[in-house]
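One-letter residues, chain by chain:
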Amino acid sequence: MLLMMSALLSGLLGLVRIKYVNFLFGAGVAQDAYRAAFKWPDLLAYFLVGSAASVSMITMLNRYREQGDEEGADRALSVVLSTMLTVLAIVMVGAAIAAPLFVRVAYGPEFLHDARGPLCISLTRWLLPAQLFFFIGSMMSARLQVRKIFIYQALTPVIYNGGIVAGAFFLHNVVVFGKPLGVYSLVIGVLVGVVVGSALLNTLGALRTGLRFKPRIAFSDPAFLEWLRAAAPLMLGVSLVMFDGIFFNRFAANNVGQLTLINNAKDLFNAPFNVIGPAAGTASLPFFASLFQRKLAHDFSTSVGRSVSRLFSIGLLLSAWMLAIAPWLMDLLRGGRFHGADAVETTHLFRIFSISLALWAVQGIYARAFYAASDTKTPAIAGTIIVLLSFPFYGLFYRHFGMSGLAFASDIGIFAQTAVLALLLHKKKLVTLTHLEYAELARAFAAAVVAFFATSYVTRWLPAVSTHRADFITLTVGSIVWGVVALIVLLVLRSKLPAQILRRKS
């Protein structure tokens, strides 16, 4: 619940960020380049320091903690962090040199040679150092998560989004070398948000728990080798969670503005998704790992099944809300250089993405079930196969259905990934499909359908809107109708979900 509240606050700040960035730059060259600039640093982070770093470290540190060896845990963390920072520093230098090649391959020669290409390369090079601080934060956060301390991680995305908003607000018009900073103000905000919100905050939290950090670079250290063996499959394997954005950006870059529009829709989709998906996945991993390492196989399976069922149910209900209120939510983006036609196109893409919210949420739970069982190879191999099979579909759907086809391809891809992970867990007898709460899923689906139609009916009879104030009124009325109707249907069907959400167990 703490991480969900953090994600909600961060999501609201994210909406402010999207609104303000759209107001300043619109769907044009500057924002296209800024959006595209994240992919090369994010891709490197995915392979070298992303989930592999924290997931593998959580599993290791949890074992040390179960054995009562705090000194060994601190030593392992020190060696892995020091050694990998050395590797990353070298990689980031090479990545800065290779940035033009990546932009050409990822977005095509047309993108590289128009005004977006050179700006994207420059912004990419500014963003690359952020990955060093992300890595520091993820490793320190692993120590905190093992101790079931989530407050620092809860603050991280809030500070990150706040940094971008502050950078745009205070630095956008600041003149440096005779030119306003413009879009570079966003990059400065990113760097400040990462350094303070990720690296500094989590490090201070880890030190407060008694961490004794001693820098030590040792590639042959047993702790580093153990971490590397566990993390390597995740580093080498790929997942649609990362490559989805790379795939649809590749085709959306064909025309100026399209890349901004589809990323706006995805960012707005991520706001509610982050409230339930990553928050639940992050909180669940230490608990799943503890159950598995204590050899409580039945409890492990039922715990994962229960988590998936509840999260999928909540995802269905949120999808109904997103589909019903999308036009008014997207209209809030209108203003400045972001026009009404841009908001309409974003609405359409957002609705297609919204269909798959529940799938995006629970695939993270299934992946973490593998990680908790110290099996990183299976999801890595499965994810790689799905990515390789998915890419042609993005191109095919784009050629036949345009931007809508890219959004539909994303939905189909995440369905395939979620289904494969669930079947593999069942086949390996780690998490049986019989532990899903099918009756609760049916009740949640019924409540979502009724709430969607009720909300759509009521909002249709409200006066047409032309101002943001009217948008807020429609959003408020629609959200109240959705919440009340969904709750009534759940209660009538005797669903356990409302009580489960509100109940706290010691």
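Residues numbered from 1 in each chain as written. Predicted model: local features only at pLDDT ≥ 70, side-chain atom pairs only at ≥ 80, totals over all residues. Heavy atoms only, no water.

**Section: the packing of aromatic side chains**
The geometry of an aromatic ring pair is captured by the separation of the ring centres together with the interplanar angle, meaning the angle of the planes.
Reasoning step 1: Taken as a whole and judged by the stated rule, the model has 23 aromatic pairs.
Reasoning step 2: With 6.4 Å between their ring centres and 90 degrees between their planes, Phe102 and Tyr107 make a pair best called edge-to-face.
Reasoning step 3: Phe102 sits in the buried class, given a relative accessible area of 13%.
Reasoning step 4: Take Tyr107: its relative accessible area is 2%, and that puts it in the buried class.
Reasoning step 5: Relative to Phe300, the ring of Phe292 has its centre 5.5 Å away and its plane inclined at 65 degrees; by these criteria the two rings are edge-to-face.
Reasoning step 6: Grouped by ring-pair contacts, the aromatic residues Phe243, Phe247, Phe251, Phe391, Tyr394 and Tyr398 constitute a single cluster.
Reasoning step 7: Over the ring of Tyr64 we find Arg63; its NZ or CZ atom is 5.0 Å from the centre of that ring.
Reasoning step 8: For the cation-ring pair, Lys148 lies above Phe287, with the distance from its terminal atom to the ring centre recorded as 5.2 Å. (Phe/Tyr/Trp six-rings, centres within 6.5 Å; stacked < 30°, edge-to-face > 60°. Buried < 20%, exposed > 50% of the residue type's maximum accessible area, 1.4 Å probe, protein only. Lys NZ or Arg CZ within 6 Å of the ring centre and 35° of its normal.)

**Observations concerning the pattern of salt bridges**
Reasoning step 1: Overall, the coordinates contain 14 salt bridges when judged by the stated rule.
Reasoning step 2: As a salt-bridge pair, Asp267 and Arg17 come within 3.5 Å of each other at their nearest N and O atoms. Within this pair, whereas Asp267 is found in helix H13 (residues 258-293), its partner Arg17 is found in helix H1 (residues 2-25), the two being separated by 250 residues in sequence. No difference in accessibility class separates Asp267 from Arg17, as the two residues are buried.
Reasoning step 3: Salt bridges here are not isolated pairs; linked through shared partners, they connect Arg17, Arg35 and Asp267. (Salt bridge = Lys/Arg side-chain N within 4 Å of Asp/Glu carboxyl O. Helix = DSSP H or I, 4+ residues; strand = E, 2+ residues; numbered from the N terminus.)

**Considering a nonpolar patch on the surface**
Reasoning step 1: Together, Val192, Val195, Val196, Leu200, Leu204 and Leu207 give the surface a local cluster of nonpolar side chains, amounting to about 460 Å² of exposed area.
Reasoning step 2: Mapped onto the secondary structure, Val196 falls in helix H10 (residues 184-208).
Reasoning step 3: For Val196, a relative accessible area of 35% puts it in the partly exposed group. (Patch = residues over 30% accessible without salt bridge, like charges linked within 9 Å, V, L, I, M, F, W, Y side chains within 5 Å. Areas by Shrake-Rupley, 256 points an atom, 1.4 Å probe, with all protein chains shown as cover.)

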